[in-house]
Amino acid sequence: MALHFNFKIKSEQVAVLGNKWHPQYPILAVSSGEFGIAGRVSIYADEGALIHSFCHGNSSDNCLTCTAFDWHPRRKVLCTGWKDGSILIWSAENEVQEVSSPHKGNPLGIVCWNTAGDKVLTGDTHGVWCVWRGERNVISQHNSNKDREYLEGALTHVVFRAKPKERQLNNVANEESELNDEQRLMLEDEDEPDLNPAYPVARFNEQCTWFMGGTSGNVWGVDEDGNCSVVFNLDNQPITSLLYHPQKSGLVAMNQASGVSYYVLAEGNRWSQQARFRISFGKGANTASAQMIWIGQGLLATCAHESMVRVWNIDANENYILQGEQELRAEKILSISYNSAKRTIVGGTKGGKVLFWQYTGGQISTSEEDWVSLSEVRLDDPVPDITWGPGESLLAAAAPDSISILHGTALKRRLWRSAAVIQLTPNLVLYEDILQRQVFTTTAQIRVKGVDLAGSYFAAWNNKEVEVFHVHMNKAVSVGVIETENTGVALHSDKILVTRTERGISSIELYNHQLQKLSHLSIKAHEGDATHTHVNGDFLVVATSKSYVSCWWIGGRAGEDKAHGYPKQLWEPGSLSIDSIAVNCNGSQVAVLAKQTDAHGQSMMATKVFICDLERDKVMTFDFATLNRSPNTICWDETEPRILACETGKHKKQDTGEAAEKEEENAEVSKIEVVTLFASAKGVKLQERFPLDKTMTALIGLSVPNFYFYSKSRSASIELSSNIISKVMRDFEGIDCTDPRVREALLDFSYNLACGDMDAAYRSVKLIKDENVWMNMAQMCVKTGRLDVAEVCLGNMQDAKGARALREAKKEPEVEAHIAMLALQLGLIEDAERLYIKCGRYDLLNIMHQACGRWDEAIKTAEDKDRIHLRTIYYSHARHLESLGDVQSAIKSYESARCHGYEVPRMLYGAGMLEELGKYTSASNDKEVYLWWAQYCEANGQYEQALHFYKEANDTLSRVRLYCYLRELDSATQLVTNPDNPKEDTSAAAYHLARQYEEQSKMREALQFFRLAKAYKNAIRIARGNEMEGEVMQLSLQADQATIIESAQWFEEQSMLDKAVILYKKGGELAKAINLCVRGELFDTLQKLADDLDKEADPEVFIQCAEFFLNKEQHEKAVHMYIQARSYSEALQVCLDRNVQLTEDMAEEMTLPKTENEDDEALRLSLLRKIAKVAKLQESWHLACKKYTQAGDRVKGMKVLLKSGDTDKIIFFTNHSRQKDIYILAAHYLQTCDWHNDPTITKHIITFYTKARAYESLSGFYDAIAQVYIDEFRDYDKALGALQDSLKFMDKSKAQNRELKRGQLETKMNYVDQFVEARNIVKTDPGRMVEVCRVLLEVEDIEGAVRVGDVYALLVEFYTGRQEYEQAYQLIERMRDRNIILTYYLESQLVLAVYNAMGIEYKEQEAANQSHHPAAAPEDYPDEIDEDIEVED
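Residues numbered from 1 in each chain as written. Predicted model: local features only at pLDDT ≥ 70, side-chain atom pairs only at ≥ 80, totals over all residues. Heavy atoms only, no water.

## Structural notes on the pattern of salt bridges
Part 1 of the argument: Tallied over the entire structure, the rule returns 47 salt bridges.
Part 2 of the argument: Across the salt bridge formed by Asp-1291 and Arg-1302, the nearest N and O atoms sit 2.7 Å from each other. Taken together, the residues Asp-1291 in helix H41 (residues 1276-1292) and Arg-1302 in helix H42 (residues 1298-1320) connect sequence positions 11 residues apart.
Part 3 of the argument: Beyond isolated ion pairs, a larger network of salt bridges with shared partners links Arg-500, Glu-502, Glu-509 and Lys-517. (Salt bridge = Lys/Arg side-chain N within 4 Å of Asp/Glu carboxyl O. Helix = DSSP H or I, 4+ residues; strand = E, 2+ residues; numbered from the N terminus.)

Take a look at the structure:
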């Protein structure tokens, strides 16, 4: 619990105008004044002591007041602006100095230092502003708009933004957490950002350090060079709040009309509006004095004289409200302030209350659930202005004529056995001894910051003094004061221990009760400064600033104190720091609470309690976050070393399940919980937790079996009234613990229960006969799940009924359901509910709710989780209400159960409430109610009324039945034939009426209504009996299968075969229908039957159809029938014999699926070969190839595919088959194609021969290529290359005549090579060329290698070129003699030139049958054939 001590400062003047805390030092500046009285600025210390006070000028009649002021961020320097425009500087060293001001005559409206403290901005109500340079404790003018255009309106608000370098350092520090010196120097040495000079606005926006707002609604930016520009305007309304968003480089402003604008510095350093909205304050709000502050990153809070604080997450665009406790909802909040270190909002109200809200949520606030309301502080006057001071405990609450400085501190209290001391005010201490019934207060001579108690002595101290009191005769007598600097004091039964730190060395000084120093205990320097001390029994524990814990035994005489164990460092100095410490009674364990620093640098209590086991040298922890709590204080029992009590507060919820929500709802009674833990070698175990009710203010301590609490609600000023409340521990309730053995046994019992050791717990108390002990153990079994121990407990409690219920509950499959039944028998309804929810047995939960009479909860649970039983629960609820005589409520529940049609009339009739029943029936729109009442009327002979309600109930059958009973058949007929009646409602009525007509031998009418009732069997019976064949046929087609077959047999007997066939088919007797078709030669009917046959029909039916179609020369249909009958051989035979084309669909239908059975697979392959053979005979080459391939015979498939001549498919098939024989077949086939003019085919031939390793064939193909080059293109060079390739592959060949063929190739290559050589040396060695050619012409078989015509042509062209026409002429004549066609080898003009030169007439030569003629090689023909082809194995 936190206390706030009020140090009230009465203003020297009538009115307080403003106040401001120094950001680092606990000093407060207050401005005061009133019309006609000189204004003053006063500087106060944190406890209200006046440090200095000054006014403007020395004249006593000076009425000037201070209108604006601001503290230097680091020095004790205050810059003040006055009503006449003067500026005064106060400093601790130089006191007050006045500087020359450009604002003379204009009241100052704003004063703001920058964070570095070297610049300060001032502005007045006439729009004049000035930037000052700060040097030590004085300022000098730097830049001003005095000589320029003034700003519009008065300047009233200002915020500061760090310079770009400082922002960069801050951002990097936030991201990296720590910068080394080198990194920081690099950042600081960087030049200003090189902004484009073409964009002066962007540069200015980046360099702005102040933003000002005023009455014109404008927000201006100002840089340190004196430049000023408008950022935005807020509807020309006076600005009431102006804030800077450092994380987003944004500005938030609010005006008097409650309009809010949010701008950020976007890309390109231009201001961009992110949000614009208007706050809808409630009725009575004062928007002119509305206040807006930051309460977290992107989180705004506003107040405007309402009973709430409005919160906005401006980045997420979410909002919610915060309110005080219920009794404080009427308080109007005038002002708010936020302490980021404590994460607490404070609000001052019109009724003089100070309200607190502390943040307990995660990193981002989403709702009011993230805040917890703390206890309020009551002041005497309204609080229009409230501000936090430096640190976490200082507040300044300004009233109209006074200032209250509030010091926040934790409640100082200490329990020693049955006595306690509690600090009530800064110097008032309460002492109370419960057993001795002593209650009194004592006023200390010092300002108290801590208290301790041991024996009949207690001490109160602050950092400079320790006052010791002795309790005697119902009062406290001051023994004296020890004046010494200290960091803490603790009391032993015969010693006083004072902790001091001097010159970096800490020690503990020991005094006796006469304040005489006895000895001291030293703490080593490396352990840090002593910060916390605690004494329990004869043991002292000390904690240091470096997280060391040291323990001493101090139970002996002076000088006999000794260390108990070794100092232990709990953790390395860093994010955790020790907040409080406590040692148990035997010095074996030390409990520690710590504070931690979050990611934003804010300090908060850690959720863990750390327990240092000095004997085992280990640290154990218990995390209260699992309970959605955080610890505040700790205390050990004075006699039991294992049990520790912790006072806890709310923490951010982690569990969002239903059970956690229920637990949070139950915890609303108090925001404080007490949790007890057992700490031992088995770890830290939770023993008990309970919330403090409103009469309990704070935990003082515990002494088994009692907790002791301070009650603030009781009067502290009346010494005779007790301020301490005791509460018995749960496991000791109802048990007499005066016997130490009983107390010890119960402690062991409680400890073992907490550890989950039910056997040890049972052994601890097995000799205790108190029923409460067994009840407690049974209740603990609910938490531990030990049903075996629970059965023993129920036996000792002699609870036979509970034992039987538990035994029967074990029939359920869920263990939680068993435990829930145990909880029910023990009266733990909430635990049973939690367990049923946990195991999902909402049906059992509903049964429990019903048994407890919690019908609303039962119905809600059924609606949400157990809808299958919802109507049952409504029905049970109705029966319950009926038993209570609550008829109207019972009717509603019966209606919800949807059984009111019978149950409500029954209930009303049974209660003799016939009049109410009649009214209910008339008012009801329910058919069941009408039906019940109609039956009632019919039973009582009220036929007209019965017919009326039967009609309202839409019960046609009952109306027809009643008409027939009354012999009104015409009315019944009219009713049944009414077209407005639904068919399903008239079927039963029509049947009843048909039976009536049949009894009266009116067969036509009976037939009509049997048909209408769909009673076809009865209708057919009447039609057959009256020889109505057409009616029989029509009715049979609508009847069921058995009736259809029966009618078909009747038609067969009557020799009406066509009708019989139709009905047999309709009834599924296809074989019989086909037999009748064959017997009656109904060809058309059979053909239709065949078309409609399903594959699942009997194969014999298909065979019958096939044979019939064969007889009728319908061969194709016969084939289809055989296929459907799976008689594939017969189908194929018909295809061959009757020349029926085998289609691919037929072939696919006859293809059987693959199987692992060898016989079936052999049958499948055989059938595929037959199909392929038939397709081959029918020249369906592709189909034959496909089926041969499916049969695994790809070679045959290839052979039939070759017959198709489809080159593309042949190539595709070859590439996918990857077989040698297929490669060779394909290559042979491709040689028959036009490969001369298609290089792609040529490449495929080479590839296939190569993959087949058919090198002899490949060699022959290259020889053929060479011949093509010679015959077609006369290209002997390429022909020579092809012959070389041919020889290369011949060498790879394994043919028997390889050497012979190789010799032939070499000879051919030799001739071609000679001719190529001759053509190449025409110009260089013509003689050699002529000689080579003449040798070639003399070779007899030269034509197989080199064409003779080409040799002659070479010589003729040579001689003609040398004009040796006679030689050329002789060669031409020799060509003509050998019947060589000249035009194939020589140009006609060349021949004519030779003949003309010889003077001989040229005669045309007749063309001989020669197949070779010169041609031009196509451009796309490959010059070379790629021989680098992958050879496949």
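## Focus: the nonpolar core
Part 1 of the argument: Residues Leu-1142, Met-1150, Val-1312, Met-1329 and Val-1346 are the most contacted members of the largest nonpolar core, which totals 108 residues.
Part 2 of the argument: Apart from residues lying up to four places away in sequence, Val-1346 is in contact with Tyr-1276, Tyr-1311, Val-1312, Phe-1315 and Val-1351.
Part 3 of the argument: In terms of nonpolar packing, the next biggest core, distinct from the first, is built from 67 residues, Val-887, Val-929, Ala-989 and Phe-1009 among them. (Core = buried A, V, L, I, M, F, W, Y, C linked by side-chain atoms within 4.5 Å. Buried < 20%, exposed > 50% of the residue type's maximum accessible area, 1.4 Å probe, protein only. Contact = heavy atoms within 4.5 Å.)

## As for the side chain of Asp-955
Part 1 of the argument: Mapped onto the elements, Asp-955 comes out in the loop between helix H19 (943-952) and helix H20 (956-965).
Part 2 of the argument: Contact partners of Asp-955, with chain neighbours within four places excluded, come to Leu-931 and Tyr-950.

## Thoughts on helix H31 (residues 1115-1124)
Part 1 of the argument: Judged by how many residues are buried, H31 sits mostly within the fold: 7 of 10 residues are covered.
Part 2 of the argument: A positive backbone phi angle near 65 degrees is found at Arg-1126, which sits one or two residues after H31.

## Here's the deal with the pairing of strand E31 (residues 394-398)
Part 1 of the argument: Burial within E31 is extensive, with 5 of its 5 residues counted as buried.
Part 2 of the argument: Neither face of E31 is exposed, since Leu-394, Ala-396 and Ala-398 on one face and Leu-395 and Ala-397 on the opposite face are all buried.
Part 3 of the argument: Here strand E30 (residues 385-388) runs beside E31; their pairing, made up of 4 bridges, is antiparallel. Bridged to Trp-388 within E31 is Leu-395.
Part 4 of the argument: With antiparallel pairing between neighbouring strands as the criterion, E30 and E31 make up a hairpin whose turn holds 5 residues, including Gly-391 at a positive phi of roughly 85 degrees.
Part 5 of the argument: In the sheet, E31 pairs with strand E32 (residues 402-410) via 5 bridges, with the strands oriented antiparallel. Within E32, the position partnered with Ala-396 by the bridge is Ile-405.
Part 6 of the argument: Counting the residues that bridge the hairpin from E31 to E32 gives 3 residues. (Pairing = 2+ DSSP bridges.)

## Looking at the sheet that holds strand E4 (residues 37-45)
Part 1 of the argument: Taken together, 4 strands build an open sheet; the order of strands is E2-E3-E4-E5 and the sheet is antiparallel. Edge positions in the sheet fall to strand E2 (16-21) and strand E5 (50-55), since each of these pairs with one other strand and no more. Across the sheet, the mean angle separating the axes of adjacent strands is 15 degrees when strand polarity is ignored.
Part 2 of the argument: Both strand E3 (residues 27-34) and E4 contribute to a ladder of 7 bridges, which runs antiparallel. The partner of Ile-27 across the bridge, within E4, is Ala-45. (Axes fitted to C-alpha atoms, helices over the stretch in contact; angles between N-to-C directions.)

## As for helix H44 (residues 1348-1361)
Every α-helix winds through 3.6 residues per turn, so residues three or four apart in the chain are directed the same way.
Part 1 of the argument: With 14 residues, H44 extends 20 Å from end C-alpha to end C-alpha; this agrees with the ideal 20 Å at 1.5 Å per step.
Part 2 of the argument: With 12 of 14 residues buried, H44 lies mostly within the body of the structure.
Part 3 of the argument: Of the residues making up H44, those classed as buried are Val-1348, Gly-1349, Asp-1350, Val-1351, Tyr-1352, Ala-1353, Leu-1354, Leu-1355, Val-1356, Phe-1358, Tyr-1359 and Thr-1360.
Part 4 of the argument: Of the surrounding elements, those touching the buried residues of H44 are H41, H42, helix H43 (1326-1338), helix H45 (1365-1377), helix H46 (1382-1385) and helix H47 (1388-1398).
Part 5 of the argument: Directly beyond the C-terminal end of H44, a positive phi value near 60 degrees is found at Gln-1363. (Expected span 1.5 Å × (residues − 1).)

## What to know about the packing of aromatic side chains
Part 1 of the argument: Throughout the structure, instances matching the rule amount to 28 aromatic pairs.
Part 2 of the argument: For the ring pair Tyr-1369 and Tyr-1395, a centre distance of 5.3 Å and an interplane angle of 85 degrees mean the geometry is edge-to-face. You can see Tyr-1369 sitting in helix H45 and its partner Tyr-1395 sitting in helix H47, a full 26 residues away along the chain.
Part 3 of the argument: For Tyr-1369, a relative accessible area of 18% translates into the label buried.
Part 4 of the argument: The class of Tyr-1395 is buried, set by a relative accessible area of 3%.
Part 5 of the argument: A network of ring pairs unites the aromatic residues Tyr-431, Phe-440, Phe-458 and Phe-469 as a single cluster.
Part 6 of the argument: A cation over a ring is seen here: Arg-642 above Tyr-751, with NZ or CZ 4.6 Å from the ring centre.
Part 7 of the argument: Across from the ring centre of Phe-690, 4.9 Å away, lies the NZ or CZ of Lys-727, which sits over that ring. (Phe/Tyr/Trp six-rings, centres within 6.5 Å; stacked < 30°, edge-to-face > 60°. Lys NZ or Arg CZ within 6 Å of the ring centre and 35° of its normal.)

## Some remarks on the confidence of the model for the protein chain
Part 1 of the argument: Residue-level pLDDT values for the protein chain average 81, and 88% of them are 70 or greater.
Part 2 of the argument: For residues 168-199, every residue scores under 50 in pLDDT, and the model assigns this stretch 28 contacts once sequence neighbours within four places are set aside.
Part 3 of the argument: This stretch, residues 1407-1433, has a pLDDT under 50; its non-local contacts, to residues over four places away or in other chains, come to 53 contacts. (pLDDT = per-residue confidence, 0-100.)

## Some remarks on the pairing of strand E46 (residues 539-544)
Side chains on a regular strand alternate between the two faces of the sheet.
Part 1 of the argument: For E46, a buried count of 6 out of 6 residues is recorded, marking the element as mostly surrounded by other parts of the structure.
Part 2 of the argument: Going residue by residue along E46, you find Phe-539, Val-541 and Ala-543 tucked away on one face and Leu-540, Val-542 and Thr-544 tucked away on the opposite face as well.
Part 3 of the argument: Bridge analysis of strand E45 (residues 530-536) against E46 gives 6 bridges, and the strand direction is antiparallel. Bridge pairing in E46 places Asn-536 opposite Phe-539.
Part 4 of the argument: Where E45 hands over to E46, the hairpin turn is made up of 2 residues, of which Gly-537 adopts a positive phi near 65 degrees.
Part 5 of the argument: Inspection of the sheet shows E46 paired to strand E47 (residues 548-553) by 5 bridges, in the antiparallel sense.

## As for the packing of helix H5 (residues 740-755) against helix H6 (residues 758-765)
Part 1 of the argument: Where H5 contacts H6, the two axes come as close as 8 Å, and the packing angle between them is 170 degrees. Classified by the angle their axes make, H5 and H6 are roughly antiparallel. Along its contact with H5, which presents Ala-745, Leu-746, Asp-748, Phe-749, Asn-752 and Leu-753, the element H6 presents Met-758, Ala-760, Ala-761, Ser-764 and Val-765.
Part 2 of the argument: The residue inventory of the contact of H5 with H6, partitioned by class, reads 8 nonpolar, 2 polar and 1 charged. (Parallel < 35°, antiparallel > 145°, perpendicular 65-115°, else oblique. Nonpolar A, V, L, I, M, F, W, Y, C, P; charged D, E, K, R; others polar.)

## Let's talk about a positive patch on the surface
Part 1 of the argument: The grouping of Arg-1169, Lys-1173, Lys-1176, Lys-1196, Lys-1199 and Lys-1203 at the surface amounts to a positive patch.
Part 2 of the argument: Of all the secondary structure elements, the ones that give two or more residues to the positive patch are helix H34 (1158-1177) and helix H36 (1194-1204).
Part 3 of the argument: Turning to its location among the elements, Lys-1203 is positioned in helix H36. (Patch = residues over 30% accessible without salt bridge, like charges linked within 9 Å, V, L, I, M, F, W, Y side chains within 5 Å. Areas by Shrake-Rupley, 256 points an atom, 1.4 Å probe, with all protein chains shown as cover. Lys, Arg positive; Asp, Glu negative; His and termini not counted. Charge placed at Lys NZ, Arg CZ, Asp CG, Glu CD.)

## Structural notes on unusual backbone geometry
Part 1 of the argument: A cis amide bond links Val-704 to the next residue, Pro-705, at an omega of 15 degrees.
Part 2 of the argument: Residue position: Pro-705 is located in the loop between strand E58 (698-703) and strand E59 (706-710).
Part 3 of the argument: The phi torsion at Arg-437 lies on the positive side, around 55 degrees, for a residue other than glycine.
Part 4 of the argument: Residue Asn-474 is not a glycine yet carries a positive backbone phi of 60 degrees.
Part 5 of the argument: Residue placement: Asn-474 occurs in the loop between strand E39 (465-471) and strand E40 (476-483).

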